[in-house]
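Examining the three-dimensional arrangement
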Amino acid sequence: MSATATTTEAKPEMITFTEAFSRALHDAMEMDPTVIMLGEDIADEEGGGIFKVTKGLSTKFGGERVRTTPISEQAIVGAAIGASLAGMRPVAEIMLMNFITVPMDQIVNHAAKLRFMSGGQTHVPITIRTRTGAGAGTGGQHSDMLEAWFAHVAGMKVVTPSTPADAYGLLLGCIFDNDPCLFIEDQLTRTQTGPAPVKGEIIKLGKAHIAREGTDVSIVGYGRPIRDAMALAEKLTGEGISVEVVDLRTVSPMDTETVIKSVAKTGRAVVVHEAPRSFGCGAEIVARIQEALYGQLKAPVLRVASRDVTVPFSRVLEAEYLYKGADIEAAVRRTLDTGSRK
Amino acid sequence: MSATATTTEAKPEMITFTEAFSRALHDAMEMDPTVIMLGEDIADEEGGGIFKVTKGLSTKFGGERVRTTPISEQAIVGAAIGASLAGMRPVAEIMLMNFITVPMDQIVNHAAKLRFMSGGQTHVPITIRTRTGAGAGTGGQHSDMLEAWFAHVAGMKVVTPSTPADAYGLLLGCIFDNDPCLFIEDQLTRTQTGPAPVKGEIIKLGKAHIAREGTDVSIVGYGRPIRDAMALAEKLTGEGISVEVVDLRTVSPMDTETVIKSVAKTGRAVVVHEAPRSFGCGAEIVARIQEALYGQLKAPVLRVASRDVTVPFSRVLEAEYLYKGADIEAAVRRTLDTGSRK
Amino acid sequence: MSTPTFTPQVLLEVWRKARQINLIDEKFRGLLRSGRLAAVYYSPRGQEILAAAMGVHLQPTDYLVTTYRGIHDQLAKGIPLKPLFAEYYAKATGACKGKGGPMHITHPETGVMVTTGIVGSGLPIANGLAWASQLKKDGRVTLVTFGDGASNIGAFHEALNMAGLWKLPVIFLCQNNLYGESSKYEKCTSVDHIGERAASYKMPGVTVDGNDAEAMWRASADAVARARAGEGPTLIEAKTFRFMGHYFGDPGAYIPKEEYEAHLAKDPMPKTRAAVLASGIATEADLEKYDAEVNAKIEEALQFAADSPFPDVGEIDIDVYGAAA
Amino acid sequence: MSTPTFTPQVLLEVWRKARQINLIDEKFRGLLRSGRLAAVYYSPRGQEILAAAMGVHLQPTDYLVTTYRGIHDQLAKGIPLKPLFAEYYAKATGACKGKGGPMHITHPETGVMVTTGIVGSGLPIANGLAWASQLKKDGRVTLVTFGDGASNIGAFHEALNMAGLWKLPVIFLCQNNLYGESSKYEKCTSVDHIGERAASYKMPGVTVDGNDAEAMWRASADAVARARAGEGPTLIEAKTFRFMGHYFGDPGAYIPKEEYEAHLAKDPMPKTRAAVLASGIATEADLEKYDAEVNAKIEEALQFAADSPFPDVGEIDIDVYGAAA
Ligand SMILES: Cc1ncc(C[n+]2csc(CCOP(=O)(O)OP(=O)(O)O)c2C)c(N)n1
Ligand SMILES: Cc1ncc(C[n+]2csc(CCOP(=O)(O)OP(=O)(O)O)c2C)c(N)n1
Ligand SMILES: [Mg+2]
Ligand SMILES: [Mg+2]
């Protein structure tokens, strides 16, 4: 809340990701009294959350609606599910994504399945906010990107933003969606800024976003790497290379149509995510592209991702673990080379 | 143990999957005193396990080495991890795969990572046996194939057999492997039979198996669908279609080399698994094939898998959910058609 | 707590609920044995009285979270027979359109909110239902039932701790039938009485004879009154026995004969029936008439289930996601 | 249990272990403040005495499982300074070659088997180490330490139940520093004393003043003796306080000033130092000499860490999988 930049008439207001998350939660609570929150340390008595995203909310909306919980992730997600069955829209915070290993049963066997198993009699409109990302030197148990697990579970929606404005709109999108949503906040970019969203503007889930139009190659991904892709696209313009950037926004269910349309146009694709390469979401994107566009591709669809190892502590190794902007660039160039060789 | 067929000199001994699992556990305990077991209901006092796989073991090897546990999956996997750090080779049973959602933290944050995070000072040679599979009418919380989650976790090995002999050899392979292995037993084929393995013959992990040689198309997969693929291959011979069947055996880390070699030869591939299609292991296989063989493929790599929904209870719907042998056949024919059209 | 009176009228009411469960359970086992029903089935035989003695205290608007072995709880809560039976029959007219099945019965109109097949998982969810009631001040009570084995899983602990802290209007009813699948209570549970575990959560905990209609009815009355009054949760351990094995088809060979017979002698059904007759509130003829009435309803519902169509194949893609809000 | 004597010699031994922890902690905080060390750090300030009073009972062959806030436990267990410091410095000479870091210190030679960053996860693993000892009859004891907050997570419950049933040689040491991150004990934990929770597992449970060297030493002696004798596990709750916020950089603004000051008055370090001097076993000069010795070793180890190379980039692919057996 403190990071809001001062605005003048001319410049658009710039806000951080953290501010965007906070505003979305605040506005959701204001818009709808059924929005409630729970998680470790989230109330103001505890400082408003370890990342301060929920700061001010319990003071404004009351400790009944914004509850600090014990360290009990199963109980947290379970309580969110139960409350949602009784008509609430709970937002549960799982402090870091590695801790989501604890309530997997609640999420996968219950939240994701109750609508189907009840034949539509009940549903679970919960949002699970969590945070993660390597690069902060926190090592093997505090950095994992596990979105591929949830993408593989029917009934779940997986969402992650690449700009503060998207952070705001998509978090609202999750909260007001009628299905269980996993909303992933990136740990590394939390203080980065972008233009502020329009208050109350919800981004509906399920649609990919052409973050930048281009004609030579499509970069497809979500979250932090989209920011690298945008920078790269800008850089390559100078060389006359036109890059299209497709931000999935909703990782799953995936908006295949938008992806395929883009790659059908450019004929080339590079898929990127921070999670380790193997069995990651990138594989699914690749599989769908080649299924739909076999014979029309000018190059193999390349993947850029982090290494298939545990996230190391030492910065030297952590940097080696992580996907890099340079990897995206190399992949894009390789893709373009393949194309011209044909 | 009761299902052993009577053998004559001529015919090879035929055994069921259940018998193969049992024999592997028995022989491992006999071969190595550090092999110990734990899980719900597994001792003979409790009838030797709900699926009778561990029947006889506690009586023969003692209740200290084969322990029935409380219903506490976190404690089960944790105890296996701890004992393995102290030099044992524990085999933990998680009765059904949906219950593996409970000990995810122990498996993912600990078993898979301790070797790396300790810089190789410790390692976790545990085997987690679990069982699953749709088609038995047990509904949404007792049928899931979740192998893709574990394949995405560096440090884990994921193994599943397609014949009783493989079941025996691969289970021994897991037990005597020095890393944490998830061994998946199929619920539907448990009473199906195949030639008995040679006692003590371990199948080392990490190598795919050409289950059948062929020249026109490769079917790549693992577990139960391999049995469908073999039947289909046999059937298509009559039409002069030569199908190669590649059984990964170790799903992860995947033996990419063998897969690529096969598809390089046939030029066509159909990938199959029981798990829901989206973000499943099949996507990774497809991605690797197209990365390696772009321009050499005669058709897009097709995937056959189950539907992206919760496993339904009603048999009518459950059958609709499940991948089918006919789907594999259709995909193979489509692949061949594409090829001939080019 | 005021001590309500366990009148013969109440006893009869408990008996009638329990007897309905009992007759349906017998019917289902017969159908399964003859192959006319093919479904996973976890008999509640032995646990009818405790479910009924709790059930009579609940309103239709109260919430229930139960397990695979939950048909007695569902019936005690008032679920109608037709959608229940049709769900067992995997039919389109089933409570869940045949998509959930016996392990996942849901019927919000009668407060049957969740039936789970995962041991212990209902408890955290029950807290959430109770939390919603607390926020809305709607006076509802949430009942969650589970087995003795479930008291050893982490979700139990997390849920009771949270409920104790938040003073949620929830009742944790542990139905201690002395076995979890084929494992004996003592082999898995490191406490003499699960009711004692309440002390870890600053929560009242009681251990009652679940086969004793009056004791169970009193314990339930207290817990419901406490929850309703906003005084927080209660853990009730109801001691009972599971007569029919873990699942239908389990011969239960791991239960020693003498043990089984000792429990048979304490079977709550004949005992309670005798108590009803002794109280003078009903005659043999009255009870037989009731049985006949229930049996008629059962037959009617079975016919409905049998006659109903299977779900349309197109149902596979429905209820995976909802429409956006 | 026989009651061993808490001699001045023992008191001095405890002091020395605690003081080493204390000096290293102070040094690290200085380095972090000045930016010469950049690492996640969870200060054990306030918890030195309890760790030391337990540590003196343990053999190098005994096992320790601890947490991110575990440097005091590791030092009390006898981990050497060089590989420990080098790991904080992310160097190739670190205990874990720089791959694990502060939250994942491992040093099997001194029995430091697991350091976990996941709340409560150490307890199930400790059971396994203890189970192995029980099977091998090697007489080892496993100590697992965790916070008050951790006592509310499911893994705690599952682990204590299993340990109670199997009579494992394990000690569950809950270091109740009254906060879990920024959350107060009472807001998260529904029992007055975590030691009471042992009753749920037929396990002895004690609550002691962790700031009292003698009380802590006695409780530890009993628990170690019990485990060593094969009599099973113990839950010890050691009441203490966390003076330095949750992580280095946490200003701890959520702790009321009066509360903080009340605890400062009970700071175990000055209190124990005074007791050592009062006992006559050592003089001011002796203690200062010890400090100087420790500080010299600290400097030496820091120099070692600073001079050591970072891991080779090729390490990224090593230790992911081992060679097949
Ligand atoms: C997390 C989990 N682990 C294991 C199982 C398999 N399982 C189903 S019922 C059961 C026994 C449960 O015993 P109890 O809680 O006493 O309930 P009861 O069946 O006796 O009513 C087990 C182990 C499961 N469903 N979920
Ligand atoms: C499962 C899990 N949930 C949440 C966290 C985040 N977290 C790290 S330390 C901590 C507080 C732990 O409190 P306590 O157990 O009292 O230990 P202390 O830090 O006071 O020593 C939390 C919530 C975590 N690491 N693991
Ligand atoms: Mg039971
Ligand atoms: Mg604490």
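Just above, that's the structure.
A few points on the structure. Note that this is a predicted model, so its numbers are computed, not measured. (Residues numbered from 1 in each chain as written. Chains lettered and ligands numbered in written order. Predicted model: local features only at pLDDT ≥ 70, side-chain atom pairs only at ≥ 80, totals over all residues. Heavy atoms only, no water.)

So, about the pattern of salt bridges. Applying the stated criterion across every chain, the model contains 96 salt bridges over all chains. Across the pair R333(B) and E239(B) runs a salt bridge, and its minimum N-O distance is 2.7 Å. Note that R333(B) is positioned in helix 12 (residues 325-341) and E239(B) in the loop between helix 8 (224-237) and strand 11 (243-247), a separation of 94 residues in sequence. Accessibility expressed as a relative area gives 27% for R333(B), which makes it partly exposed. One salt bridge in this structure joins R288(B) and E284(B), with 2.7 Å as the shortest N-O distance. Pair noted here: R288(B) and E284(B) are both in helix 10 (residues 281-293), with a separation of four residues, about one helical turn. No difference in accessibility class separates R288(B) from E284(B), as the two residues are buried. Through salt bridges with shared partners, one network takes in D27(A), E30(A), K60(A) and K199(A). (Salt bridge = Lys/Arg side-chain N within 4 Å of Asp/Glu carboxyl O. Helix = DSSP H or I, 4+ residues; strand = E, 2+ residues; numbered from the N terminus. Buried < 20%, exposed > 50% of the residue type's maximum accessible area, 1.4 Å probe, protein only.)

Remark on secondary structure: sheet strands pair via backbone hydrogen bonds, oriented parallel or antiparallel. Residues and elements named next belong to chain B. Across the sheet, five strands lie side by side as 9-11-10-13-14; this open sheet has mixed pairing. Two strands in the sheet have a free side with no partner beyond their single neighbour: strand 9 (209-212) and strand 14 (302-306). Within the sheet, the average angular offset between the axes of one strand and its neighbour, ignoring direction, is 25 degrees. Together, strand 9, strand 10 (217-221), strand 11 and strand 13 (269-276) form the strand contacts of helix 9 (residues 256-266), whose direction differs from that of strand 11 by roughly 170 degrees. (Pairing = 2+ DSSP bridges. Axes fitted to C-alpha atoms, helices over the stretch in contact; angles between N-to-C directions. Contact = heavy atoms within 4.5 Å.)

Once that is clear, we can look at the site of ligand 1. Close to ligand 1 lie 20 residues; E73(B), R69(C), G117(C), D148(C) and Y179(C) are nearest. Two or more chains meet at ligand 1, and those chains are chains B and C. Y68(C) places a side-chain nitrogen or oxygen 2.8 Å from an oxygen atom of ligand 1. In the environment of ligand 1, a nitrogen atom lies 2.8 Å from a nitrogen or oxygen atom belonging to the backbone of G117(C). Calculation on ligand 1 without its partners gives an accessible area of 570 Å², and the protein chains cover 97% of this total. (Near = heavy atom within 4 Å. Polar contact = N/O pair within 3.5 Å; in protein donor to acceptor, adjacent residues only side chain to side chain. Areas by Shrake-Rupley, 256 points an atom, 1.4 Å probe, with all protein chains shown as cover.)

Right, let's talk about the site of ligand 2 for a bit. Taken together, 20 residues lie around ligand 2, and E73(A), Y68(D), R69(D), G117(D) and D148(D) are the ones closest in. The residues that come close to ligand 2 belong to more than one chain, namely chains A and D. Here D148(D) contributes a side-chain N or O atom positioned 2.8 Å from an oxygen atom of ligand 2. One nitrogen or oxygen atom from the main chain of Y179(D) is found 2.8 Å from an oxygen atom belonging to ligand 2. Notes on ligand 2: free accessible area 580 Å², of which the protein chains cover 97%. Here the shell around ligand 2 is built from residues that sort into nine nonpolar, six polar and five charged. (Nonpolar A, V, L, I, M, F, W, Y, C, P; charged D, E, K, R; others polar.)

It is worth spelling out the packing of helix 3 (residues 73-85) of chain B against helix 5 (residues 122-136) of chain D at this point. Relative to each other, helix 3 of chain B and helix 5 of chain D sit at 50 degrees, their axes nearing to 6 Å. As the angle between them shows, helix 3 of chain B and helix 5 of chain D are arranged oblique. Crossing handedness for the pair helix 3 of chain B and helix 5 of chain D: right-handed. Residues Q74(B), A75(B), G78(B), A79(B), I81(B), G82(B), A83(B) and L85(B) of helix 3 of chain B touch helix 5 of chain D, and the partners they reach there are P124(D), I125(D), G128(D), L129(D), W131(D) and A132(D). (Parallel < 35°, antiparallel > 145°, perpendicular 65-115°, else oblique. Left-handed = near helix turned anticlockwise from the far one by under 90°.)

Okay, the coordination of the magnesium ion (ligand 4) next. Residues and elements named next belong to chain D. Protein ligation of the magnesium ion (ligand 4) involves D148 (OD), N177 (OD1) and Y179 (O), the donor distances falling in the range 2.0 to 2.1 Å. Sequence positions of the residues that donate to the magnesium ion (ligand 4) give the spacing D-x28-N-x1-Y. Of this pair, D148 sits in the loop between strand 3 (142-147) and helix 6 (154-166) while Y179 sits in strand 5 (residues 179-180); the two residues are 31 residues apart in sequence, bridging distant segments of the chain. Here D148 matches Y179 in class, with each residue buried. (Donors = N, O, S within 2.8 Å, 3.2 Å for Na, K, Ca; no water.)

Taken together, the 53 residues of chain A in the interface contact 53 residues of chain B. Both faces combined, the contact of chain A with chain B buries some 4600 Å², and carbon together with sulfur accounts for 59% of it. Taken as a group, H152(A), F279(A) and Y294(A) account for 20% of the area that chain A buries against chain B, more than any other trio of residues on that side. Counting the contacts that link chain A with chain B gives six salt bridges. (Buried area = accessible area lost by both parts, 1.4 Å probe.)

Residue and element names in this part refer to chain C. Around the magnesium ion (ligand 3), the protein supplies D148 (OD), N177 (OD1) and Y179 (O) as donor atoms, at distances of 2.0 to 2.1 Å. Donor residues binding the magnesium ion (ligand 3) come from one chain and are separated in sequence as D-x28-N-x1-Y. On the basis of relative accessibility, which here comes to 4%, the residue N177 falls in the buried class.

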